[in-house]
Amino acid sequence: MNPHLETLLAQTERVMRDGAFTREAYRGAVRVGVDLGTAYTVLLVLDENNQPLAGDYRFANVVRDGLVVDFIGAIDLLREMKRGIEARLGFELTHAATAYPPGVPRVEVRATANVVRAAGFECTAEIDEPTAANAALQIRDGAVVDVGGGTTGIAIFRDGQVIYSADEATGGTHFTLVIAGALNIAFEDAEKIKTDPREHTRLYPLVRPVMEKVGAIVARHTRGFTVEKIFLVGGTANFTGIAEVVAEITGIPTQIPGQPLFVTPLGIAMNDPVHPNGTDERV
Ligand SMILES: Nc1ncnc2c1ncn2[C@@H]1O[C@H](COP(=O)(O)OP(=O)(O)OP(=O)(O)O)[C@@H](O)[C@H]1O
Ligand SMILES: [Mg+2]
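Residues numbered from 1 in each chain as written. Chains lettered and ligands numbered in written order. Predicted model: local features only at pLDDT ≥ 70, side-chain atom pairs only at ≥ 80, totals over all residues.

Asker: Kindly report on the site of ligand 1, identifying the contributing residues and their values.
Answerer: The immediate surroundings of ligand 1 are formed by 23 residues, with Gly-37, Gly-148, Gly-172, Gly-235 and Asn-238 found nearest. Put simply, the parts of the chain that give the shell around ligand 1 at least two residues each are helix H5 (172-183) and helix H6 (187-194). Counted by class, the shell around ligand 1 contains six nonpolar, 15 polar and two charged residues. Looking at the shell around ligand 1, you find at least three residues from each of domain 1 (5-133 + 264-270) and domain 2 (138-261). (Near = placed C-beta within 6 Å. Helix = DSSP H or I, 4+ residues; strand = E, 2+ residues; numbered from the N terminus. Nonpolar A, V, L, I, M, F, W, Y, C, P; charged D, E, K, R; others polar. Domains from an automatic or database assignment.)

Structure (structure tokens):
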């Protein structure tokens, strides 16, 4: 387990909230990660020591269940995010790493990389999401479960390597749909209250069956393997009580890092080979 994980995630959250880390103009080399998700598109810039420097994330319907469905929308959004971060940093971002859910067809991986290229980056790495997440987590044994907006991804690690992975279409969007249906409100309104932790106690009985479904998916995919611990990441891991439900159904102790939403984006950026920034004299 990465001893610096919590510090890194807290710092990532801070740059995401404030736009950029306020310190004297950084001119060293950077690593850049792009995560095109069903719910959020995330852009994160790290310095050469893997410290978060700047970032942005936006709710967007450009990807569905890990597959790019709106190319133009995805490219426009990423370009806009890139420009905003470049303006704050004072130099151009030229490279980025990206990731794809386990098990997606090769052509879809290419589609994700093409969005990154069309937005103006050289795409330096395309990795699967659990491997990316584990660059941040650094676990040797156990399961990484990424409950995002559209899907639940499962990867089982043995001696630091993925030995099994799967991705199934249940995620935060389903939580939102259940809430919208039960309260008879629009999806956007349901999304708003769902992401407010103060509402979680009231919403828990409504979404508990979806949490159980996530637990059942994890149980099915971990059966037959020795898994002593589950690390729950992805935005939906923010829903209060989900770790307990997954632990109950799988019978495996389940842990959630602080800021689980940023684990995969952080790991993606860590996979971008460090390279000089656009205005560096050394270029
Ligand atoms: N505080 C919160 N409480 C509950 N859910 C949350 C919270 N914050 C974010 N989410 C949910 O997390 C989901 C987004 O998570 P994430 O960014 O990991 O997914 P994604 O990468 O966009 O999707 P996918 O990986 O499935 O393609 C959304 O459904 C969002 O509503
Ligand atoms: Mg995701």
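Asker: Tell me about the sheet that holds strand S7 (residues 122-128), residues and numbers included.
Answerer: If you trace the five strands from one edge of the open sheet to the other, you get S3-S2-S1-S6-S7, paired in mixed fashion. With one partner strand each, in any of the chains shown, strand S3 (52-59) and S7 form the two edges of the open sheet. Shown here is a sheet whose adjacent strand axes are inclined to one another by a mean of 20°, direction ignored. Alignment of strand S1 (residues 30-36) against strand S2 (residues 40-47), held across seven bridges, turns out to be antiparallel. When the sheet's bridge partners are listed, Val-30 is paired in S2 with Asp-47. Sitting on the sheet, helix H3 (residues 106-118) is in contact with S1, strand S6 (95-100) and S7, with an inclination near 155° to S6. (Pairing = 2+ DSSP bridges. Axes fitted to C-alpha atoms, helices over the stretch in contact; angles between N-to-C directions. Contact = placed C-beta atoms within 7 Å.)

Asker: Describe in detail the pairing of strand S10 (residues 161-168), supporting the description with residues and values.
Answerer: Where strand S9 (residues 152-158) and S10 come together, seven bridges link them in antiparallel fashion. Looking at S10, one finds that Ile-154 is bridged to Ala-166. Joining the antiparallel neighbours S9 and S10 is a turn of two residues, in which Asp-159 adopts a positive phi near 50°.

Asker: Requested: an account of the nonpolar core, with residues and values cited.
Answerer: Looking at soluble globular proteins, one finds that nonpolar side chains tend to be buried together. The biggest cluster of nonpolar side chains holds 76 residues, and the ones touching the most others in it are Val-45, Val-144, Leu-232 and Leu-266. At seven residues, helix H7 (residues 200-222) tops the list of elements feeding residues into this core. Both domain 1 (5-133 + 264-270) and domain 2 (138-261) contribute no fewer than three residues apiece to this core. Not counting residues within four places of it along the chain, the set of residues in contact with Val-45 comprises Val-30, Val-32, Leu-53, Ala-54, Gly-55, Ile-85, Leu-89 and Leu-93. (Core = buried A, V, L, I, M, F, W, Y, C linked by C-beta atoms within 7 Å. Buried ≥ 20, exposed ≤ 12 C-beta atoms within 10 Å, placed from the backbone.)

Asker: Lay out the sheet that holds strand S12 (residues 254-255) with the relevant residues and their values.
Answerer: Strand order across the open sheet formed by five strands is S10-S9-S8-S11-S12, with mixed pairing between neighbours. Strand pairing shows two members of the sheet lacking a second neighbour, S10 and S12, which therefore form its edges. Most of the contacts of H7 go to S9, to which it runs at about 35°, and overall it touches strand S8 (142-147), S9, S10 and strand S11 (230-233).

Asker: Which residues make up the pairing of S8, and what are the values?
Answerer: Most of S8 sits out of view: six of its six residues are buried. Burial of the side chains of S8 extends over both faces: Gly-142, Val-144 and Asp-146 are buried on one face and Ala-143, Val-145 and Val-147 on the other. With six bridges connecting them, S8 and S9 associate as antiparallel partners. Counterpart to Gly-142 in the pairing with S9 is Phe-157. The hairpin turn running from S8 into S9, its antiparallel successor, is four residues long. Relative to S11, S8 is paired through four bridges, and the arrangement is parallel. Counterpart to Val-145 in the pairing with S11 is Leu-232.

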